[in-house]
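This is what each chain is made of:
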Amino acid sequence: MQQRIDTGSNSEHGIETSRVTRRSTLIGVGTMAVTGLAGCSARANERLEDVSVFNGTDEPIDGTIEIIGPDDEIALSDAFDVASHDEEDDGNSNASAAYEQVWGTIGDYEVSVELADGFDIAGKTRADETVTITDTDSELLAVVLGSDDHEDEISFAVGERWSDFDR
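Residue numbering note: each chain is counted from 1, following its sequence as written. Under the rules for a predicted model, residues below a pLDDT of 70 receive no local features and side-chain atom pairs below 80 are neither given nor counted, while totals for whole chains, interfaces and linings still include all residues. Calculation of side-chain values draws on the structure's entire complement of heavy atoms; hydrogens and water are dropped beforehand.

Undergrad: Account for the pattern of salt bridges, naming residues and giving values.
TA: If charged atoms from side chains of opposite charge come close, those side chains can pair. Salt bridges are defined as contacts in which a side-chain nitrogen from Lys or Arg sits within 4 Å of a carboxyl oxygen from Asp or Glu. In the structure shown here, the tally under the stated rule is two salt bridges. In this structure, the salt-bridge partner of Arg126 is Asp128, at a minimum N-O distance of 3.1 Å. Residue exposure (1.4 Å probe, protein chains only): buried if accessible area is under 20% of the type maximum, exposed if over 50%, otherwise partly exposed. According to the relative accessible area criterion, Arg126 is partly exposed, its value standing at 37%. When its relative accessible area of 45% is taken as the criterion, Asp128 is described as partly exposed. Taken together, the shared-partner salt bridges connect Glu114, Arg126 and Asp128 into one network.

Undergrad: Would you mind going over the sheet that holds strand β6 (residues 107-115) in detail, with residue names and values included?
TA: Where strands meet in a sheet, backbone hydrogen bonds hold them as pairs that are either parallel or antiparallel. Sheet architecture is open: four strands sit in the order β4-β3-β6-β7, paired in antiparallel fashion. Across the chains shown, the open sheet's two edge strands, defined by having one partner strand only, are β4 (74-82) and β7 (126-133). Between one strand and the next, the sheet's axes are offset by a mean angle of 15 degrees, whatever the strand orientation. Both strand β3 (residues 61-68) and β4 contribute to a ladder of eight bridges, which runs antiparallel. Residue pairing in the sheet places Ile68 in a bridge with Ile74 of β4. For two strands to be treated as a pair, DSSP must find no fewer than two bridges joining them. Only DSSP runs of H or I covering at least 4 residues are called helices, and only runs of E covering at least 2 are called strands; the numbering of each starts at the N terminus. Note on geometry: axes are C-alpha line fits, over the in-contact stretch for helices, and angles between N-to-C directions span 0 to 180 degrees.

Undergrad: If you had to explain the side chain of Ser112 to someone new, which residues and values would you point to?
TA: You can see Ser112 is positioned in strand β6. Within polar-contact distance, the side chain of Ser112 engages the side chain of Asp128 at 2.6 Å. Leaving out residues up to four positions away in the same chain, Ser112 has contacts with Thr64, Ile65, Glu66, Arg126, Ala127 and Asp128. Residues adjacent in sequence count toward polar contacts only when both atoms are side-chain atoms; beyond that, a polar contact is any pair of N or O atoms within 3.5 Å, and within protein one must be able to donate a hydrogen and the other to accept it. Should any heavy atoms of two residues lie within 4.5 Å, those residues are counted as being in contact.

Undergrad: Give me the pairing of strand β8 (residues 140-145): which residues, what numbers.
TA: For β8, the buried fraction is high: six of the six residues fall into the buried class. Burial along β8 is two-sided: the residues Leu140, Ala142 and Val144 and Leu141, Val143 and Leu145 are all buried. Bridge count between strand β2 (residues 51-55) and β8: five bridges; the pairing is parallel. Residue pairing across strands places Ser52 opposite Ala142, the latter belonging to β8.

Undergrad: So what's going on with the packing of aromatic side chains? Which residues, and what values?
TA: Note on aromatic pairs: the rings of Phe, Tyr and Trp (six-membered ring only in Trp) are paired at centre separations within 6.5 Å, and the planes decide the class, stacked below 30 degrees, edge-to-face beyond 60, tilted for the rest. All told, the structure shown has one aromatic pair when counted by the stated rule. Summarising the aromatic geometry, the rings of Trp103 and Tyr109 are spaced 4.8 Å apart at their centres and angled 65 degrees between planes, so their arrangement reads as edge-to-face. Tyr109 matches Trp103 in its accessibility class, with the two residues each being buried.

Undergrad: Account for a negative patch on the surface, naming residues and giving values.
TA: A surface patch of like charges, here negative, comprises Asp71, Asp72, Glu73, Asp108 and Glu110. Locating Glu110 in the fold gives a position in strand β6. Note on patches: the residues involved have over 30% relative accessible area and no salt bridge, like charges join within 9 Å, and the nonpolar side chains Val, Leu, Ile, Met, Phe, Trp and Tyr join within 5 Å. Here the Shrake-Rupley method, with its probe set to 1.4 Å, supplies the accessible areas, and only the displayed protein chains count as covering residues. Residues scored as positive are Lys and Arg, those scored as negative are Asp and Glu, and His as well as the terminal groups of each chain are ignored. Think of each charge as sitting on NZ of Lys, CZ of Arg, CG of Asp or CD of Glu.

Undergrad: Before we move on, can you summarise unusual backbone geometry with the specific residues and values?
TA: Phi is positive for Asp72, which is not a glycine, with a value near 65 degrees. In this structure, Asp72 sits in the loop between β3 and β4. Even without being a glycine, Gln101 presents a positive backbone phi close to 60 degrees. Structurally, Gln101 is set in the loop between β5 (96-100) and β6.

Undergrad: Any chance you could break down the confidence of the model for the chain for me, citing the residues and the numbers?
TA: A residue-level look at the chain finds 62% of positions with pLDDT of 70 or above and a mean pLDDT of 75. Note: pLDDT gives the predictor's confidence per residue, expressed from 0 to 100. Confidence over residues 5-46 falls short of pLDDT 50; this stretch has 99 contacts with residues more than four positions distant or in other chains.

So, in structure tokens, the structure goes:
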């Protein structure tokens, strides 16, 4: 069972939530935006969970993420609302959402991200990707919404630490 971390006021989905400090989220988002996911801060590395959704845009974004595992079972299905990195400065919002305990077995996972009605990034409202997880204890998935450092409006990267995301 996954546990959602860092959802702010989006706890109505019945998933246990807790707050991550504004500082750790700023470190993570800032590192991604400036260096294309190449940051190597130990503090930022602690911030990542099995799956992390980051908002690299100047606007808040609502949407859903669904991950289907190699056994065709739902590994994660949840709504997210992530603030813009500018809104995060008010201390009440987070520009990311993180989920732990997502990976059950080694294999291919089908990831779908769909933005809620009224939201788009350069006209794009959905992205699908197959990611391969070879180590369920250490591999992480970063989903980045609207980063200038990526050619896709919604991008996906798998790695074990921040430095692995510089691809």
